[in-house]
Amino acid sequence: MSAKPTAKKNRSNSIFFNLVAICVVAILLLLVTNLFLNIYTRHGQNVVVPQLQGFQEEEAAAILRSKGLHIRVVDSIYKKDAVPGSIIEQTPKPNNKVKEGREIYVTIYSRNPQQVSVPGLVDFSSRQAIALLNSIGFTQIAIEEVPAQYSGLVISVEYRGRKLLPDEQIPAGSPLKLVVGSGMAKDSLNMSGEIVVPPANGEAVTGSTQNKPAQPSRMDESFF
């Protein structure tokens, strides 16, 4: 009769120990996870982001490296009067607090102008061509008119004295010249098509003399 209560008691003790073991393991897992998160996120190790605007890329990289941060150039903009390589903008902004090892994203002034494709504009009207060029950043446009059959149509687009091919790339904002027809093409010799026979006395005869009335002869009729 005593064997049954003993077995029941052993079973109860086993369940209790299992529950205690589960609780201990859960507590250990929570402690290890919290410790790992603190190490991974560097809890309490914040770094103040320095001001980088105006510095060269190499200078900014050295400053960030000394604080345990890194630099990454994400964009570049060309400006004629700007200092190439200097920083324009940064993210995060200065004086923000970030974790050590964070990358700081910057935009710099490009050393070379951006290349832009100039579309084919032959046979466009000069107004359409100028509007299209303005929309892609070309605002310095000179117009040269040459004699042609049709007035106001683009004959060619020139850059630095040479004709551009359709979709050829050139530096953005460069000055361009549009060669446009004036509609004043004429015969290069300017001939009227009339045959002019010089008179005996050497005076020039024009087409208008053919319609003049004949002058009376001054010859003495007594000769006959």
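Residues numbered from 1 in each chain as written. Predicted model: local features only at pLDDT ≥ 70, side-chain atom pairs only at ≥ 80, totals over all residues. Heavy atoms only, no water.

(A) Local environment of unusual backbone geometry. The linkage connecting T91 with the following residue, P92, adopts the cis geometry, with an omega of 0 degrees. Here P92 lies in the loop between β3 (87-91) and β4 (97-99). Positive phi outside glycine occurs at D123, with the angle close to 75 degrees. Relative to the helices and strands, D123 is located in the loop between β6 (115-118) and α3 (126-135). Relative accessible area serves as the criterion here: at 57%, D123 is assigned to the exposed category. Even without being glycine, R160 reaches a positive phi, approximately 55 degrees. (Helix = DSSP H or I, 4+ residues; strand = E, 2+ residues; numbered from the N terminus. Buried < 20%, exposed > 50% of the residue type's maximum accessible area, 1.4 Å probe, protein only.)

(B) Just the confidence of the model for the protein chain, in detail. Residues with a pLDDT of 70 or more make up 73% of the protein chain, whose mean pLDDT is 80. Predicted confidence for residues 204-214 stays below pLDDT 50, and this span has 4 contacts to residues more than four positions away or in other chains. (pLDDT = per-residue confidence, 0-100. Contact = heavy atoms within 4.5 Å.)

(C) The arrangement of the layout of surface pockets in detail. As a volume, the largest pocket reaches approximately 160 Å³. Y78, K80, P113, Q140, P171, A172, G173, S174 and P175 together form the lining of the largest pocket. Here the residues of the lining of the largest pocket sort into 5 nonpolar, 3 polar and 1 charged. (1 Å grid on protein atoms, 1.4 Å probe; cavity = no way out; pocket = protein on both sides within 12 Å on 5 of 7 lines; lining within 4 Å. Points joined across faces, edges and corners; volume = space filled by probe spheres on them. Nonpolar A, V, L, I, M, F, W, Y, C, P; charged D, E, K, R; others polar.)

(D) Looking closely at the pattern of salt bridges. Per the counting criterion, the structure on display carries 4 salt bridges. For E168, the salt bridge identified is with R162, shortest N-O distance 2.8 Å. One salt-bridge network, held together by shared partners, links E144, E158 and K177. (Salt bridge = Lys/Arg side-chain N within 4 Å of Asp/Glu carboxyl O.)

(E) Structural detail: the side chain of S182. Within the fold, S182 resides in strand β11 (residues 176-182). The exposure class assigned to S182 is buried, which follows from its relative accessible area of 17%. Beyond its immediate sequence surroundings of up to four residues, S182 is in contact with E145, V146, P147, A148, Y150 and S151.

(F) Main features of the sheet that holds β3. Read across the open sheet, the 3 strands follow the order β2-β5-β3; overall the sheet is mixed. Of all strands in the sheet, those with a lone pairing partner are β2 (70-77) and β3, marking the two edges. In this sheet, neighbouring strand axes are inclined to one another by 25 degrees on average, regardless of whether the strands run parallel or antiparallel. Where β3 meets strand β5 (residues 103-109), 4 bridges bridge the pair, whose relative direction is antiparallel. Each bridged residue has a counterpart across the sheet, and for I87 the counterpart in β5 is I108. Contacting β2, β3 and β5, helix α2 (residues 57-66) crosses the sheet at an angle of about 155 degrees to β2. (Pairing = 2+ DSSP bridges. Axes fitted to C-alpha atoms, helices over the stretch in contact; angles between N-to-C directions.)

(G) Fine view of the nonpolar core. Membership of the largest hydrophobic core comes to 14 residues, with the highest contact counts inside it found for L133, F138, V157, L164, I170, L176 and L178. Breaking this core down by element, the ones donating at least two residues are β6, α3, β8 (151-159) and β11. When neighbours within four sequence positions are excluded, I170 is seen to be in contact with Q114, Q115, V116, V118, F138, Y159, L164 and L176. Formed by 11 residues, the second largest nonpolar core is a distinct cluster that contains V49, A60, L64 and V98. (Core = buried A, V, L, I, M, F, W, Y, C linked by side-chain atoms within 4.5 Å.)

(H) Examining the side chain of E168 more closely. Along the polypeptide, E168 turns up in strand β10 (residues 168-171). Filtering out sequence-adjacent residues up to four positions away, E168 remains in contact with V116, S117, V118, R162 and K163.

(I) Main features of the sheet that holds strand β9 (residues 162-163). Here 4 strands make up an open sheet; going across it, the order is β7-β11-β8-β9 and the pairing mixed. One side of each edge strand has no neighbouring strand; the edge strands of this open sheet are β7 (141-146) and β9. Bridge analysis of β7 against β11 gives 6 bridges, and the strand direction is parallel. Its bridge partner lying in β11, I143 is registered against L178. Contacting β7, β8 and β11, α3 crosses the sheet at an angle of about 165 degrees to β11.

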